[in-house]
Amino acid sequence: MERVLPEDIILNIFSRVPFESLFECRLVSKTWNYFISNLNSPSSSSSSSDSKVSFISLNMLQSPKFQLLYLEYDETNNNNEQQLRISEINHPPFSRVPYWLSMISGGNAPYQKIKSVIIGSSNGLICLSIPRDGYFGDFDDPLYIFNPVTREYISLPICGGNCLNGRNVFGFGYNSKTNEYKVVRIYYESKGHTEAGQVQVYTLGAGSGWRNKGEIACSLQTNNSYSPGMNVDGEQIQVLGGCLCYVLKARYDTINIWSFKKNNDTSKEEEDSSNWSSVGTVQIQHDNLAQFFYFTKSGNILYWDDKKTALSYDPRTSSIKELLNDGTTGLEVFETISYRSSFVSLKALGEENVKMFDRIN
């Protein structure tokens, strides 16, 4: 493949190689290393087909053990082909002590509620929150950032001092203008979120640790046990397929989804409600378990109905299709977010104390 093929074809071929195998492929030659290293870089204009997208899912093995799964969805596959493929990420399972609550109705039997673990993913880096003591939303959540391709990881400093009796909310993302990756932490001194939140920002590689950025009056919560979206008056706002979506439960078995599109008219100083448009109404069987994770280019909605069944809903025909027809078992998915593999290096970004996790096989 030493430049015998056009560059776009070479990139297309590498984009179809399992992402965990790309690390070894880089060692074949300088040419392979060049193409693979720039395959999904933030500044690269090359990308795979819009019909083929990938995700990271958090799957429970046996409480409190979790594993990370890699999902790949290809909308071009016809009805006889598998549209969603699942494989394990070669990362050791991690433990998370559950938070137990007592049910008010149905006796005193405890049930398990698990806080959102996947904070976010950007350009191949994944940010997780894993409480040391298992309490729901406690401040001493160690933030763990890693790249499953390079196997690099770091643990960020935890909040100390007077922060131990409240809650915090996290966010993770990439600023393309400054080429920086940032973690945002908003902590509330009381568990009721009745006061202003204290905002802190950690920039990867800056060496400045957590920086105080003032207060925020809004009370943000992530109480949904298997969704990284934000709660607003009991409903969910989250990003689906690059679009800001509002997930509204109309009835116990009916979910309405609205999508927000930015108004290109720069003369308007404020966005108005006309930018929100209905995506579709989905009839579900398990309203407390349904998790929507993607809005495709063709307008289909991908979601988990019961943490085990992956479905695609077509709002134009009101039809529902199962995405897994290969007999996949052992699923109990709590979170699913969009993911794009890359070779972004934590060490190259300037982070100290970067470690490598061991492969599980």
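Only a predicted model underlies this, so the values are computations on that prediction, with no experimental measurement involved. (Residues numbered from 1 in each chain as written. Predicted model: local features only at pLDDT ≥ 70, side-chain atom pairs only at ≥ 80, totals over all residues. Heavy atoms only, no water.)

**Section: the overall build of the protein chain**
Here is step 1: Tallying secondary structure elements over the protein chain gives 3 helices and 25 strands in all.
Here is step 2: With 361 residues in all, the protein chain has 46% of them scored as buried.
Here is step 3: Look at the contacts in the protein chain between residues 6 or more apart in sequence, and 52% of them connect residues 24 or more apart.
Here is step 4: Total accessible area on the protein chain stands at roughly 18400 Å², and carbon and sulfur atoms take up 48% of it. (Helix = DSSP H or I, 4+ residues; strand = E, 2+ residues; numbered from the N terminus. Buried < 20%, exposed > 50% of the residue type's maximum accessible area, 1.4 Å probe, protein only. Contact = heavy atoms within 4.5 Å. Areas by Shrake-Rupley, 256 points an atom, 1.4 Å probe, with all protein chains shown as cover.)

**Thoughts on the nonpolar core**
Here is step 1: Counting residues in each nonpolar core, the largest one holds 29 residues, and the members touching the most others are I56, L58, L68, F94, L128 and F146.
Here is step 2: Every element with two or more residues in this core is listed here: α1 (7–15), α2 (22–25), α3 (30–37), β1 (52–62), β2 (65–74), β8 (125–129), β9 (143–147) and β24 (333–338).
Here is step 3: By size, the runner-up hydrophobic cluster in this structure holds 17 residues, among which are Y202, L204, W210 and V344. (Core = buried A, V, L, I, M, F, W, Y, C linked by side-chain atoms within 4.5 Å.)

**Let's talk about a nonpolar patch on the surface**
Here is step 1: Taken together, the side chains of V4, L5, I9 and I13 define a hydrophobic patch exposed on the protein surface, amounting to about 330 Å² of accessible area.
Here is step 2: You can see I9 is positioned in helix α1. (Patch = residues over 30% accessible without salt bridge, like charges linked within 9 Å, V, L, I, M, F, W, Y side chains within 5 Å. Salt bridge = Lys/Arg side-chain N within 4 Å of Asp/Glu carboxyl O.)

**What to know about the confidence of the model for the protein chain**
Here is step 1: With 71% of its residues at a pLDDT of 70 or more, the protein chain has an overall mean of 76.
Here is step 2: When mean pLDDT is taken per element in the protein chain, strand β10 (residues 152–155) scores highest with 93 and strand β5 (residues 99–102) scores lowest with 39.
Here is step 3: Across residues 43–49 the pLDDT falls below 50, and counting only partners more than four positions away or on other chains, this stretch makes 8 contacts in the model.
Here is step 4: For the stretch residues 223–227, pLDDT sits under 50, and the model shows 24 contacts to residues farther than four places along the chain or on other chains. (pLDDT = per-residue confidence, 0-100.)

**Some details on the packing of aromatic side chains**
Here is step 1: In this structure the tally under the stated criterion is 13 aromatic pairs.
Here is step 2: Every member of this aromatic cluster is reached through a ring pair, and the members are F55, F293, Y294 and W304.
Here is step 3: When the ring centre of W210 is taken as origin, the NZ or CZ atom of R185, which lies over that ring, is 3.8 Å away. (Phe/Tyr/Trp six-rings, centres within 6.5 Å; stacked < 30°, edge-to-face > 60°. Lys NZ or Arg CZ within 6 Å of the ring centre and 35° of its normal.)

**A word on the environment of L324**
Here is step 1: With respect to the secondary-structure elements, L324 resides in the loop between β23 (319–322) and β24.
Here is step 2: Here the alpha-carbon distance between L324 and L84, two residues 240 residues apart in the chain, equals 6.2 Å.

**A word on the pattern of salt bridges**
Here is step 1: Applying the stated criterion across every chain yields a total of 3 salt bridges.
Here is step 2: With a closest N to O distance of 3.4 Å, K307 and E332 form a salt bridge. Of this pair, K307 sits in the loop between β21 (301–304) and β22 (310–314) while E332 is found in the loop between β23 and β24, placing the two residues 25 residues apart along the sequence.
Here is step 3: A relative accessible area of 12% places K307 in the buried class.

**Here we look at the sheet that holds strand β11 (residues 167–175)**
Strands pair in a sheet through their backbones, by hydrogen bonds, and they do so in one of two ways: parallel or antiparallel.
Here is step 1: Here we have 4 strands laid out as an open sheet, ordered β11-β12-β13-β14, and antiparallel in their pairing. Strands at the two margins of the open sheet, each flanked by one partner only, are β11 and β14 (210–216). Across the sheet, the mean angle separating the axes of adjacent strands is 25° when strand polarity is ignored.
Here is step 2: Here β11 pairs with strand β12 (residues 180–188) via 9 bridges, running antiparallel. Across the sheet, residue F172 finds its bridge partner in β12, namely V183. (Pairing = 2+ DSSP bridges. Axes fitted to C-alpha atoms, helices over the stretch in contact; angles between N-to-C directions.)

**A look at the sheet that holds β23**
Here is step 1: Across the sheet, 4 strands lie side by side as β20-β21-β22-β23; this open sheet has antiparallel pairing. Strands at the two margins of the open sheet, each flanked by one partner only, are β20 (291–295) and β23. Geometrically, the sheet is characterised by an average inter-axis angle of 25° between neighbouring strands, direction not taken into account.
Here is step 2: Pairing analysis gives 4 bridges linking β20 to β21, with the strands arranged antiparallel.

**Remarks on the pairing of β9**
Here is step 1: In terms of residue burial, β9 counts as a mostly covered element, since 5 of its 5 residues are buried.
Here is step 2: Because side chains alternate across β9, one face comprises the buried residues L143, I145 and N147, and the other comprises Y144 and F146, equally buried.
Here is step 3: Summarising the sheet, β8 and β9 pair through 4 bridges and their orientation is antiparallel. Counted as the bridge partner of S129 is L143 from β9.
Here is step 4: With 4 bridges joining them, β9 and β10 adopt antiparallel strand pairing. Counterpart to Y144 in the pairing with β10 is S155.
Here is step 5: Between the end of β9 and the start of β10, which pair antiparallel, lie 4 residues, with R151 showing a positive phi angle near 70°.

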